[in-house]
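Working through the structure, step by step
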Amino acid sequence: MKLLKPYFVKTPRLVQHFFSDYSWRVHTKKKEIYLTFDDGPVPDFTPWVLETLKKYDAKATFFCVGENIQKYPGIYEQVLRDHHSVGNHTFNHLQGWKTSTAKYVKNILKAESYLQEAGDNQRLKLFRPPHGRIKPKQARALRKKGYKIIMWDVLSGDFDQRLSKESCLEHTIKHIESGSIVVFHDSVKSFKNLDYVLPRVLEHFSEKGYSFRPL
Ligand SMILES: [Zn+2]
């Protein structure tokens with residue numbers, strides 16, 4: 001029996017069209033995939049992701065939580081040294097729908113002060129809302145501050161404890177196509193699936209001639 005998931009693995013095109021101010025995928029004809037990792041940087045898991053990406057010469061985007069950068073600046077620097085992109089994921093994984101716009105923006109700017117180093121080698125300011133939830137007013141306020149809001153095309157579900165690693169891999173591979181923005185997490189909760197899925201996704205698509213690009 002297939003478990004019904006309380007989220008879409010593949011974001012429906014209608015949703016992508018309706019919320020077209022957000023980036024759901026990269027419009028390209030090239031065989032390029034955009035992997036993203038949310039919620040780090042953290043010990044063990046982020047360095048493991050970096051090592052795994054390196055084996056396939058893959059670049060990705062890390063949506064970092066400000067307080068994790070504050071706690072683990074060395075791991076954050078490693079992400080930058082490996083030439084990945086970084087984005088803002090609030091200071092402490094704050095949920096937009098439950099927060100006033102003023103408080104939300106302030107929290108994101110606090111995270112920005114820890115992310116700033118990236119400014120030199122990255123032209124875009126990227127933001128991904130925790131849980132993918134953001135009020136239109138908050139999105140407008142962030143765009144005014146120069147942020148591009150990045151959602152996703154494929155949600156791997158690596159965080160889903162009820163999902164077996166085999167099904168996580170199967171549906172992730174099935175839904176990825178050229179230009180897909182794919183969500184993973186460099187976190188303890190996701191490692192059970194990520195440990196299995198990430199190397200196999202990299203292997204599968206590298207063999208088919210795809211490259212992995214930062215946003
Ligand atoms: Zn998150």
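Presented here is a report on the structure given in the accompanying data block. Worth saying up front: this structure is predicted, and the values here are computed from it rather than measured.

1. So, the overall build of the protein chain
Looking only at helices and strands, one finds 8 helices and 8 strands in the protein chain. By the compact-globule yardstick of 17 Å for 215 residues, the protein chain fits well, its C-alpha radius of gyration being 16 Å. Overall size of the protein chain, expressed as C-alpha extent along the three principal axes, is 45 × 40 × 35 Å. The proportion of buried residues among the 215 residues of the protein chain is 40%.

2. Thoughts on the environment of histidine 131
Among the structural elements, histidine 131 can be located in the loop between strand 4 (125-127) and helix 6 (136-144). As a C-alpha pair, histidine 131 and phenylalanine 212 span 81 residues in sequence and 24 Å in three-dimensional space.

3. With respect to helix 5 (residues 101-115)
Taking 1.5 Å as the rise per residue, helix 5 with 15 residues should run 21 Å; its terminal C-alpha atoms sit 21 Å apart, in good agreement. By the burial criterion, the buried members of helix 5 are Tyr104, Ile108, Ala111 and Leu115. Take helix 5 and look down its axis: the buried residues cluster within an arc of 60°, on one side only. Seen from the open side of helix 5, the exposed residues pointing more than 90 degrees away from its buried face are Ala102 and Ser113. Lining the buried residues of helix 5 we find strand 2 (61-64), helix 3 (66-71), strand 3 (85-88), strand 4 and helix 6.

4. Looking at the pairing of strand 1 (residues 32-38)
Within strand 1, 6 of the 7 residues are buried, which leaves the element mostly enclosed by the surrounding structure. Where strand 1 meets strand 8 (residues 211-212), 2 bridges bridge the pair, whose relative direction is parallel. Bridge pairing in strand 8 links glutamate 32 to serine 211. Note that strand 1 and strand 7 (residues 181-185) share 5 bridges and pair parallel. Paired with aspartate 38 across the two strands is histidine 185, which belongs to strand 7.

5. Here we look at the packing of helix 2 (residues 45-55) against helix 8 (residues 191-207)
When two helices pack together, you describe them by how their axes are tilted relative to each other and by the distance separating the axes. Packing of helix 2 against helix 8 leaves a shortest axis separation of 11 Å and a crossing angle of 15°. In this view, helix 2 runs roughly parallel relative to helix 8, as classed from their interaxial angle. Seen along the crossing, helix 2 lies across helix 8 with a hand that is right-handed. Residues Phe45, Val49 and Thr52 of helix 2 touch helix 8, and the partners they reach there are Phe191, Leu198, Pro199 and Leu202. Considered class by class, the residues forming the contact of helix 2 with helix 8 number 6 nonpolar, 1 polar and no charged.

6. A look at the pairing of strand 2
Neither face of strand 2 is exposed, since Thr61 and Phe63 on one face and Phe62 and Cys64 on the opposite face are all buried. In this sheet, strand 2 lies alongside strand 1 in parallel orientation, the contact comprising 3 bridges. Residue pairing in the sheet places threonine 36 in a bridge with threonine 61 of strand 2. Viewed along the sheet, the connection from strand 1 through helix 2 into strand 2 turns out right-handed. Here strand 2 runs beside strand 3; their pairing, made up of 4 bridges, is parallel.

Parameters at a glance
Residues numbered from 1 in each chain as written. Predicted model: local features only at pLDDT ≥ 70, side-chain atom pairs only at ≥ 80, totals over all residues. Helix = DSSP H or I, 4+ residues; strand = E, 2+ residues; numbered from the N terminus. Rg over C-alpha atoms; globule rule 2.2 N^0.38 Å. Buried ≥ 20, exposed ≤ 12 C-beta atoms within 10 Å, placed from the backbone. Expected span 1.5 Å × (residues − 1). Arc of directions from axis to C-beta. Contact = placed C-beta atoms within 7 Å. Pairing = 2+ DSSP bridges. Axes fitted to C-alpha atoms, helices over the stretch in contact; angles between N-to-C directions. Parallel < 35°, antiparallel > 145°, perpendicular 65-115°, else oblique. Left-handed = near helix turned anticlockwise from the far one by under 90°. Nonpolar A, V, L, I, M, F, W, Y, C, P; charged D, E, K, R; others polar. Right-handed = clockwise from strand over helix to strand, strands pointing away.

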